[in-house]
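This is what each chain is made of:
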Amino acid sequence: MNDLYIYYQVTQEHAAALELRVRAMQARLAGERGVNAQLKRRPEAADGLQTWMEIYPGTAAGFDAALDAAVQDAALAELIAGKRHIEIFTDLHPCA
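Report on the accompanying structure.

Description of the overall build of the chain
Part 1: When its secondary structure is counted, the chain shows 2 helices and 4 strands.
Part 2: Listed by position from the N terminus, the elements making up the chain come as β-α-β-β-α-β.
Part 3: On the principal axes, the C-alpha backbone points of the chain span a range of 50 × 30 × 20 Å.
Part 4: Buried residues in the chain amount to 30% of all 96 residues.
Part 5: Of all intrachain contacts in the chain linking residues separated by at least 6 positions in sequence, the fraction that spans at least 24 positions is 76%.
Part 6: If you sum the accessible surface of the chain, you get close to 6,200 Å²; carbon and sulfur atoms cover 53% of it.
Part 7: Within the chain, one finds 9 positive and 13 negative side-chain charges whose respective centroids are separated by 2 Å.

Below, the structure written as structure tokens:
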């Protein structure tokens, strides 16, 4: 299982429209894949840009392909300033 952290920027002008699209996409992924997605943003904006983060904890194999398809279907690129940056983390297991 992996945790995905995806961050990107959005102009304040597009923030409300993007939030609707991301939340709808995450609701769909929750229903189809059982993920408990989160959407966060930095409290401050810089130069008219907000930094947002999507978090997908405990994802199973193949989730990244489903997420890519969902992002395309939701047309998020139309409202994002720049690229989505994806970081993948996994749990550390204690030594026996």
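Focus: the sheet that holds strand E2 (residues 38-41)
Part 1: Judged by pairing direction, the sheet is antiparallel, and its 4 strands sit side by side in the order E2-E3-E1-E4 without closing on themselves. Strand pairing shows two members of the sheet lacking a second neighbour, E2 and strand E4 (81-89), which therefore form its edges. Sheet twist, expressed as the mean angle between neighbouring strand axes with direction ignored, is 20 degrees.
Part 2: Taken together, the 9 bridges between strand E1 (residues 2-11) and strand E3 (residues 49-59) define a ladder with antiparallel strand orientation. Counted as the bridge partner of Val10 is Gln50 from E3.
Part 3: Seen against the sheet, helix H1 (residues 15-33) touches E1, E2 and E3 and runs at an angle of roughly 5 degrees to E3.

Considerations on the packing of H1 against helix H2 (residues 63-74)
Part 1: Across the interface, H1 lies against H2 with an axial gap of 10 Å and an inter-helix angle of 145 degrees. Pair H1 / H2 crosses with right-handed handedness. Taking contact as the criterion, the partners of Arg21, Met25, Arg28, Leu29 and Arg33 in H1 are, on H2, Phe63, Ala66, Leu67, Ala70, Val71, Asp73 and Ala74.

A word on the side chain of Thr59
Part 1: Within the element layout of this structure, Thr59 appears in strand E3.
Part 2: Judged by its relative accessible area of 4%, Thr59 is buried.
Part 3: Excluding residues that lie within four positions of it along the chain, Thr59 makes contacts with Met1, Asn2, Leu4 and Val35.

A short note on unusual backbone geometry
Part 1: One non-glycine residue, Asp47, adopts positive backbone phi at about 55 degrees.
Part 2: Judged by relative accessible area, Asp47 falls into the exposed class, the value being 83%.
Part 3: You will see that Ala75, though not glycine, has its phi angle at about 55 degrees, which is positive.
Part 4: Inspection of the secondary structure puts Ala75 in the loop between H2 and E4.

Definitions and limits used
- For every chain, the first residue of the written sequence is number 1, and numbering continues from 1 along that sequence.
- pLDDT decides what is reported in this predicted model: residues at 70 or higher carry local features, side-chain atom pairs at 80 or more are listed and counted, and totals for whole chains, interfaces and linings draw on all residues regardless.
- Just so you know, side-chain values use all the structure's heavy atoms and leave hydrogens and water out.
- For helices the rule is a DSSP run of H or I covering at least 4 residues; for strands it is a run of E covering at least 2, with both sets numbered from the N terminus onward.
- A 1.4 Å probe rolled over the protein chains alone gives each residue an accessible area, and that area as a share of the maximum for its type sets the label: buried under 20%, exposed over 50%, partly exposed in between.
- Only heavy atoms enter the contact rule, under which two residues are in contact if any of them lie within 4.5 Å.
- Throughout, the Shrake-Rupley method with a 1.4 Å probe supplies accessible areas, and for residues the shown protein chains are the sole cover considered.
- Only four residue types enter the charge count, namely Lys and Arg as positive and Asp and Glu as negative; His and the chain termini do not.
- Lys charges are placed at NZ, Arg charges at CZ, Asp charges at CG and Glu charges at CD.
- A pair of strands is treated as paired once DSSP finds two or more bridges between them.
- A fitted line through C-alpha atoms serves as each axis, taken over the contacting stretch for helices, and the angle formed by two N-to-C directions is quoted from 0 to 180°.
- If you view the pair so one helix is near and one far, a crossing is left-handed when the near helix is turned anticlockwise from the far one by less than a right angle, and right-handed when it is turned clockwise.

The values are spatial; any link to function lies outside them.
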